[in-house]
Amino acid sequence: QCEYGLSHPGDERQSLAAVEAQAERMAALIGQLLTLSRAESRRQQLTPEPVDLSGLAAAVAEQIAEQAAEKRITVGAQIEPGITLMGDQTMLMRLLINLMENGVRYGRAGGWLKLTLRLEGEEILGCVADDGPGIPPEQQSLVWRRFWQADPSKSGEGAGLGLAMVKWIAEAHGGRVWLESVPGEGARFYFALPQTEG
């Protein structure tokens, strides 16, 4: 892009925009790699604070709806109000964004994506569901692995780090993640977090 911009006067703005977009994607990739590397060496520290998870989830759903519109994917949310916990707000936001961006990336054009969040006993239960192609049973345990992709041809700018980050973030907060999917009938990615005082 740099070479193209230099050799085609008048197209510099377009070339700079492409370079900027790619630099942002690379920065995000490096950031996720560093976080996972620190997590594995137990050097990644959480910054606990009271988090309004209901408000955070609603904001993320609204943000992702703009991205999903490009694929004509309808984003819905069913969020129980007033759910709070002590947690790392930045990491919890990343968990929600990664799950929903994954749904958009692999979702069916013209389909739907839904985020639900509710209290269930002493746990906070969240789910991101879609009506995409689903994931075969033999691949479902692999989705949480770093760099693994169900269908690289549909990954776009993804690098197979998003769900690995989701798993680490949930477990770092004392929670867990799991997947339910039937090929051809979409997928449901769940996370459960302990309800701590927030």
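Notes on the structure follow. (Residues numbered from 1 in each chain as written. Predicted model: local features only at pLDDT ≥ 70, side-chain atom pairs only at ≥ 80, totals over all residues. Heavy atoms only, no water.)

1. Quick notes on the sheet that holds strand S4 (residues 112-120)
In step 1: An order of S2-S4-S5-S7-S6 is seen for the 5 strands of this open sheet, with the pairing classed as mixed. The open sheet is flanked by strand S2 (74-79) and strand S6 (176-181), the only strands paired with a single partner. Strand-to-strand twist in this sheet, taken as the mean axis angle between neighbours without regard to direction, amounts to 15°.
In step 2: With 6 bridges joining them, S2 and S4 adopt parallel strand pairing. Its bridge partner being in S4, Thr-74 is matched across the sheet by Trp-112. (Pairing = 2+ DSSP bridges. Helix = DSSP H or I, 4+ residues; strand = E, 2+ residues; numbered from the N terminus. Axes fitted to C-alpha atoms, helices over the stretch in contact; angles between N-to-C directions.)

2. Concerning the nonpolar core
Note that soluble globular proteins tend to have their nonpolar side chains buried in a common cluster.
In step 1: Ranked by internal contacts, the top residues of the largest apolar core, which has 39 residues, are Leu-53, Leu-96 and Phe-189.
In step 2: Among the elements of the structure, helix H3 (53-68), helix H4 (89-106), S4, strand S5 (123-130), helix H5 (162-172), S6 and strand S7 (187-194) are those that each provide at least two residues to this core.
In step 3: Here the element with the most residues in this core is H4; it accounts for 8 residues.
In step 4: Excluding anything up to four places from it in sequence, Phe-189 contacts Leu-99, Asn-102, Gly-126, Cys-127, Val-128, Ile-135, Val-143, Trp-144, Leu-163, Trp-178 and Leu-179.
In step 5: Judged by nonpolar contacts, the second largest core, of 5 residues, contains Cys-127, Ala-129, Tyr-190 and Ala-192. (Core = buried A, V, L, I, M, F, W, Y, C linked by side-chain atoms within 4.5 Å. Buried < 20%, exposed > 50% of the residue type's maximum accessible area, 1.4 Å probe, protein only. Contact = heavy atoms within 4.5 Å.)

3. Description of unusual backbone geometry
The general pattern is negative phi for most residues beyond glycine and trans for most peptide bonds.
In step 1: Non-glycine residue Arg-72 carries a positive phi angle of around 60°.
In step 2: Along the polypeptide, Arg-72 turns up in the loop between H3 and S2.

4. Quick notes on the pairing of strand S3 (residues 84-87)
One face of the sheet, then the other: side chains in a regular strand alternate in exactly this way.
In step 1: Where burial is concerned, the two faces of S3 differ: the one with Leu-85 and Gly-87 is buried and the one with Thr-84 and Met-86 is not.
In step 2: In this structure, strand S1 (residues 49-52) lies alongside S3, joined through 4 bridges in antiparallel fashion. Along S3, the bridge assignment pairs Val-51 with Leu-85.

5. A few points about the environment of Ala-69
In step 1: Here Ala-69 lies in the loop between H3 and S2.
In step 2: For Ala-69, a relative accessible area of 48% translates into the label partly exposed.
In step 3: The spatial distance from the C-alpha of Ala-69 to the C-alpha of Gly-110 is 8.9 Å, given a sequence separation of 41 residues.

6. Examining the packing of aromatic side chains
To describe a pair of aromatic rings, you give the distance between the ring centres and the angle between the ring planes.
In step 1: Taken as a whole and assessed by the stated rule, the structure comprises 2 aromatic pairs.
In step 2: Their ring planes at 85° and their centres at 5.9 Å tell us that Trp-144 and Phe-189 sit as a pair that is edge-to-face. Of this pair, Trp-144 sits in the loop between S5 and H5 while Phe-189 sits in strand S7; the two residues are 45 residues apart in sequence, bridging distant segments of the chain.
In step 3: With a centroid separation of 5.1 Å and an interplanar angle of 10°, the aromatic rings of Trp-178 and Tyr-190 are classed as stacked. With Trp-178 in strand S6 and Tyr-190 in strand S7, this residue pair connects regions lying 12 residues apart in the sequence.
In step 4: The exposure class assigned to Tyr-190 is buried, which follows from its relative accessible area of 15%. (Phe/Tyr/Trp six-rings, centres within 6.5 Å; stacked < 30°, edge-to-face > 60°.)

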